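Below, each chain spelled out in residue letters.
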Amino acid sequence: MSRRKACLIFNPVAGNTDSELELARIKELLSSQIELDIQFTTEEIGADKLAQEAVKKDEFEIIIAAGGDGTLSEAAKALGETTTPLGVIPRGTANAFAAALGIPDTLDEACETILSGKTRRIDIGRCNGRLMTLLAGIGFEAETIENASREAKQRWGALAYLVSGIQQLRELELFEAEIETDDKIIKVSAGALTVANAAPPTSILAQGPAGILYDDGLLDITIISSNTWASAIAASYHLLQTGLRGDAAKRDDIGYIRTKRVKITTDPPQKIVLDGEMIGNTPLEVECVPGGLTVMVPMLPAEKISEKLEGLPNLEVEDKSPVVKNE
Ligand SMILES: Nc1ncnc2c1ncn2[C@@H]1O[C@H](COP(=O)(O)OP(=O)(O)OP(=O)(O)O)[C@@H](O)[C@H]1O
């Protein structure tokens with residue numbers, strides 16, 4: 001059987017792990033079935049440029065990105081609105097992109113997902129003229145991201161966002177927002193607004209609705225209007241719980257709507273963070289691009305796997321499925 005050809009885009013500085021060992025393991029796992037052309041990102045040449053060049057060459061069946069959320073999201077955006085599938089190997093601190101799509105975050109399982117060859121078309125968003133894979137946030141989320149420095153992230157990992165978030169909550173100030181969808185205009189005082197195409201449960205500010213579907217052609221907007229530090233903490237905790245359970249939020253200071261496109265203006269103007277990167281100030285316009293990205297995903301979403309027995313001592317499993325007789 002001939003091997004498939006893939007371009008592997010690898011960020012050698014992502015995460016806090018030994019990247020040489022990781023690259024060797026990826027090659028070991030994939031190369032029996034996939035011929036890899038390995039390209040390293042540099043400070044100057046990002047995953048977006050490498051992915052665009054790979055698409056242009058027109059010789060790869062898959063483009064695989066191995067790195068943190070920055071690398072994965074850049075590669076995804078370069079493949080947006082093409083049919084080339086993206087293989088995802090998460091190697092960062094938070095790995096929100098993989099978590100949002102149910103892609104496992106261990107190297108071995110992520111490579112297994114790529115080898116399984118199952119692809120799925122997912123939505124992407126178009127946000128103020130740029131492509132969006134996960135979400136855009138204004139208010140609280142934007143300030144949190146800006147304040148979580150790379151140094152803090154390296155020292156504390158995902159905790160850095162939490163610490164920065166709590167600092168930010170102390171300075172909570174509401175702003176006036178006008179949210180215009182195809183069929184409504186909503187005016188509201190808000191502390192945080194999140195427009196999500198897809199989001200992992202850890203993106204708590206996006207967890208208003210019960211489950212954020214990444215292939216329904218719609219965006220999920222969560223509005224948080226807590227006006228005191230105590231109520232903002234209670235709202236965040238509620239969202240963490242409901243998000244993990246897959247339930248909808250049930251507090252008066254949390255609202256959510258679903259729409260194909262949205263325009264948000266605020267007074268005063270607020271910073272916008274798009275997929276973890278500051279991109280400027282409001283107004284914010286987002287539109288869903290249904291099926292805009294093809295991704296290699298596991299056969300079953302990871303969260304649906306509810307059984308694990310392997311590894312238990314003296315394990316014996318009897319298959320009791322009924323025998324079908326041909327009479
Ligand atoms: N060879 C390189 N040397 C230095 N910086 C690089 C190199 N390749 C990519 N980068 C930088 O790495 C950043 C992207 O990092 P990425 O998101 O992949 O990992 P991370 O920051 O460790 O993960 P996370 O975002 O989960 O913390 C970009 O800012 C890019 O400029």
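All values derive from a computational prediction rather than experimental measurement. (Residues numbered from 1 in each chain as written. Predicted model: local features only at pLDDT ≥ 70, side-chain atom pairs only at ≥ 80, totals over all residues. Heavy atoms only, no water.)

### Considerations on the overall build of the protein
Check the secondary structure of the protein and you find nine helices and 16 strands. The long-range fraction of contacts in the protein, counting pairs at least 24 apart against all pairs at least 6 apart in sequence, stands at 71%. Total accessible area on the protein stands at roughly 17,100 Å², and carbon and sulfur atoms take up 50% of it. (Helix = DSSP H or I, 4+ residues; strand = E, 2+ residues; numbered from the N terminus. Contact = heavy atoms within 4.5 Å. Areas by Shrake-Rupley, 256 points an atom, 1.4 Å probe, with all protein chains shown as cover.)

### Some thoughts on the pairing of strand E9 (residues 185–190)
By the bridge criterion, six bridges tie strand E8 (residues 175–180) to E9 in an arrangement that is antiparallel. Within E9, the position partnered with glutamate 176 by the bridge is serine 189. Here E8 hands over to E9 after four residues, the two strands then running antiparallel side by side. (Pairing = 2+ DSSP bridges.)

### What to know about the site of the ligand
As a matter of local geometry, the ligand sits amid 18 residues, with Thr41, Gly68, Gly70, Thr71 and Thr93 nearest to it. Contacts to the ligand include threonine 71, whose side-chain N or O atom sits 2.4 Å from an oxygen atom. Measuring from an oxygen atom of the ligand, one finds a side-chain N or O atom of threonine 93 at 2.4 Å. Isolated, the ligand exposes 650 Å² of accessible area, and the fraction of that covered by the protein chains is 76%. Those elements that provide at least two residues to the shell around the ligand are helix H3 (69–79) and helix H7 (150–156). For the shell around the ligand, the element with the highest residue contribution is H3, accounting for three residues. For the shell around the ligand, a count of residues per class yields four nonpolar, ten polar and four charged. (Near = heavy atom within 4 Å. Polar contact = N/O pair within 3.5 Å; in protein donor to acceptor, adjacent residues only side chain to side chain. Nonpolar A, V, L, I, M, F, W, Y, C, P; charged D, E, K, R; others polar.)

### Considering unusual backbone geometry
Cis geometry marks the peptide bond from aspartate 267 to proline 268; its omega dihedral reads -5 degrees. Along the polypeptide, proline 268 turns up in the loop between strand E13 (261–267) and strand E14 (271–274). That bond from threonine 282 to proline 283 is cis: its omega, 10 degrees, falls within 30 degrees of zero. Checked against the element boundaries, proline 283 lands in the loop between strand E15 (277–281) and strand E16 (284–296). One non-glycine residue with positive phi stands out, namely aspartate 58, at about 60 degrees. The residue aspartate 58 is located in the loop between helix H2 (47–57) and strand E3 (62–67) in this model.

### Concerning the environment of serine 236
Inspection of the secondary structure puts serine 236 in helix H9 (residues 229–245). Serine 236 sits in the buried class, given a relative accessible area of 15%. For the pair serine 236 and alanine 198, spaced 38 residues apart in the sequence, the C-alpha separation amounts to 19 Å. Of note is the side chain of serine 236, whose polar atom sits 2.8 Å from the backbone oxygen of alanine 232. (Buried < 20%, exposed > 50% of the residue type's maximum accessible area, 1.4 Å probe, protein only.)

### Here we look at the nonpolar core
Ranked by size, the top nonpolar core spans 37 residues in total, and within it Leu86, Val88, Phe97, Leu101 and Val295 carry the most contacts. When contributions to this core are tallied by element, the ones reaching two or more residues are strand E1 (4–10), H2, E3, H3, strand E4 (86–90), helix H4 (96–101), strand E5 (119–127) and E16. Per-domain counts for this core show at least three residues from each of domain 1 (4–117) and domain 2 (131–290). Ranked by size, the runner-up nonpolar core spans 23 residues in total, among them Met132, Ala136, Ile186 and Ile264. (Core = buried A, V, L, I, M, F, W, Y, C linked by side-chain atoms within 4.5 Å. Domains from an automatic or database assignment.)

### A few points about the side chain of threonine 194
Residue placement: threonine 194 occurs in strand E10 (residues 192–196). Overall, the relative accessible area of 1% leaves threonine 194 in the buried class. When near neighbours in sequence (up to four residues on either side) are disregarded, threonine 194 contacts Leu135, Ala136, Gly137, Leu205, Ala206, Asp220, Ile221 and Thr222.

### Observations regarding a nonpolar patch on the surface
Residues Tyr237, Leu240 and Leu244 make up a contiguous nonpolar surface patch of roughly 330 Å² in combined accessible area. As for its position among the elements, leucine 244 is in helix H9. (Patch = residues over 30% accessible without salt bridge, like charges linked within 9 Å, V, L, I, M, F, W, Y side chains within 5 Å. Salt bridge = Lys/Arg side-chain N within 4 Å of Asp/Glu carboxyl O.)

### Here's the deal with the domain arrangement of the protein
Looking at the protein, the domain boundaries give domain 1 (4–117) and domain 2 (131–290). Taken together, the contact between domain 1 and domain 2 spans 13 residues of the former and 16 residues of the latter. Summing the contributions of domain 1 and of domain 2, the shared interface buries around 1,200 Å²; its carbon and sulfur component is 68%. Lysine 77 is the salt-bridge partner of aspartate 275, the closest N and O atoms lying 2.8 Å from each other. Remark: the boundary between domain 1 and domain 2 carries two residue pairs in polar contact (both at pLDDT 80 or more). Every element with two or more residues in the side of domain 1 that touches domain 2 is listed here: H3 and H4. (Buried area = accessible area lost by both parts, 1.4 Å probe.)

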